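An overview of the molecular structure
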Amino acid sequence: MQNKQLWIAVALTGVLMALVFTAGWMVGRPDRHEAPVPATSTPVDARAVFVPGAGQLDALRRGVPVDQEGHPPPLAHVENADLKRARAYPMQPPTIPHAIDGYQVDRNSNRCMLCHARANAATFQAPPVSVTHYMDRDDQFLATVSPRRYFCNQCHVVQTDAPVLVANQFRDIDSVLSVPPTPKE
């Protein structure tokens, strides 16, 4: 008796699935009487970052109408000047001031640590990895870099010549403290 009820339930489920598929296919089909929309023969140049006249950032379409395809903006070039950049917001991970093409960072090797490990930093004149990178999630210090901080590119990015897209008024604490206080009346 139960076997018969199971087969009936399976059959009804199959029929219901077929009906839903057919209804979706019929509704989703384009009407045969509609004319196809002609594709634009020349793509619009989407290298402009700002919407013309509005002065606002249009990160998704870069001023290109929705029915047209734009060219992607050119890739920014990596700066290899070895100059430390000011941070753009509090607690920002420092940016990498040199090219890292070909650096191996995987579970077996971390090329960054050759120069930036605390033991080697003075030899290579590189800033040492912060002590926070040697702490586990319970704030206990480890002998080696924490697995949570091992893959450097999760937080640190190379410096590029990309234009600044959003104005920023952030000042780090050193620049705030360097301004003499104004005398009070």
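Remarks on the overall build of the protein
Along the backbone of the protein there are four helices and two strands. Starting at the N terminus and walking to the C terminus, you meet the elements of the protein as α-β-β-α-α-α. For the protein, the proportion of its 185 residues judged to be buried stands at 14%. For the protein, restricting intrachain contacts to residue pairs at least 6 apart in sequence, the fraction spanning at least 24 positions comes to 46%. When the accessible surface of the protein is split by element, carbon and sulfur atoms take 61% of a total near 15800 Å².

A few points about unusual backbone geometry
Not every positive phi belongs to a glycine, and Asp82 is a case in point at roughly 55°. Inspection of the secondary structure puts Asp82 in the loop between helix H1 (2-28) and strand E1 (105-106). The phi dihedral of Gln125 is positive, around 55°, even though this residue is not glycine. Within the element layout of this structure, Gln125 appears in the loop between helix H3 (121-124) and helix H4 (173-178). On the basis of relative accessible area, Gln125 is assigned to the exposed category, the value being 75%.

Side note on the layout of surface pockets
Quantified by volume, the largest pocket comes out at close to 1100 Å³. Around the largest pocket, the lining comprises 41 residues; the ones closest to its centre are Pro94, Thr95, His116, Pro127 and His156. Residue contributions to the lining of the largest pocket peak at four residues, all from helix H2 (residues 112-116). Residues belonging to the lining of the largest pocket are distributed by class as follows: 22 nonpolar, twelve polar and seven charged.

With respect to the confidence of the model for the protein
Across the protein, the average pLDDT comes to 81, with 82% of residues at 70 or higher. Within the model, pLDDT remains below 50 along residues 46-52, and this stretch shows 18 contacts once partners closer than five positions in the same chain are excluded.

Quick word on the packing of aromatic side chains
Tallied over the full model, the rule gives one aromatic pair. For the pair Tyr150 and Phe151, a centre-to-centre distance of 5.1 Å together with 85° between the ring planes defines the contact as edge-to-face. Judged by relative accessible area, which is 18%, Tyr150 ranks as buried. The exposure class assigned to Phe151 is partly exposed, which follows from its relative accessible area of 34%. It is Arg111 that lies over the ring of Tyr103; its NZ or CZ is 4.6 Å from the centre.

Topic: the side chain of His133
Checked against the element boundaries, His133 lands in the loop between H3 and H4. Only 3.4 Å separates the side chain of His133 from the side chain of Arg149, close enough to count as a polar contact. Non-local contacts of His133, meaning those with residues more than four positions away in its chain, are made with Val145, Ser146, Arg149 and His156.

Quick look at the environment of Tyr134
Tracing the backbone shows Tyr134 in the loop between H3 and H4. Tyr134 sits in the buried class, given a relative accessible area of 12%. Along the primary structure Tyr134 and Arg148 are separated by 14 residues, whereas in three dimensions their C-alpha atoms are 9.4 Å apart. In this structure, Tyr134 is in contact with Met113, Ala117, Arg118, Val129, Gln140, Phe141, Leu142, Ala143, Thr144, Val145 and Ser146, ignoring residues within four places of it in sequence.

Structural notes on the pattern of salt bridges
Tallying each qualifying case throughout the model produces one salt bridge. In this structure, Glu79 engages Arg85 in a salt bridge whose closest nitrogen and oxygen atoms are separated by 2.7 Å. On the basis of relative accessibility, which here comes to 38%, the residue Arg85 falls in the partly exposed class.

Calculation criteria
- Residues numbered from 1 in each chain as written.
- Predicted model: local features only at pLDDT ≥ 70, side-chain atom pairs only at ≥ 80, totals over all residues.
- Heavy atoms only, no water.
- Helix = DSSP H or I, 4+ residues; strand = E, 2+ residues; numbered from the N terminus.
- Buried < 20%, exposed > 50% of the residue type's maximum accessible area, 1.4 Å probe, protein only.
- Contact = heavy atoms within 4.5 Å.
- Areas by Shrake-Rupley, 256 points an atom, 1.4 Å probe, with all protein chains shown as cover.
- 1 Å grid on protein atoms, 1.4 Å probe; cavity = no way out; pocket = protein on both sides within 12 Å on 5 of 7 lines; lining within 4 Å.
- Points joined across faces, edges and corners; volume = space filled by probe spheres on them.
- Nonpolar A, V, L, I, M, F, W, Y, C, P; charged D, E, K, R; others polar.
- pLDDT = per-residue confidence, 0-100.
- Phe/Tyr/Trp six-rings, centres within 6.5 Å; stacked < 30°, edge-to-face > 60°.
- Lys NZ or Arg CZ within 6 Å of the ring centre and 35° of its normal.
- Polar contact = N/O pair within 3.5 Å; in protein donor to acceptor, adjacent residues only side chain to side chain.
- Salt bridge = Lys/Arg side-chain N within 4 Å of Asp/Glu carboxyl O.

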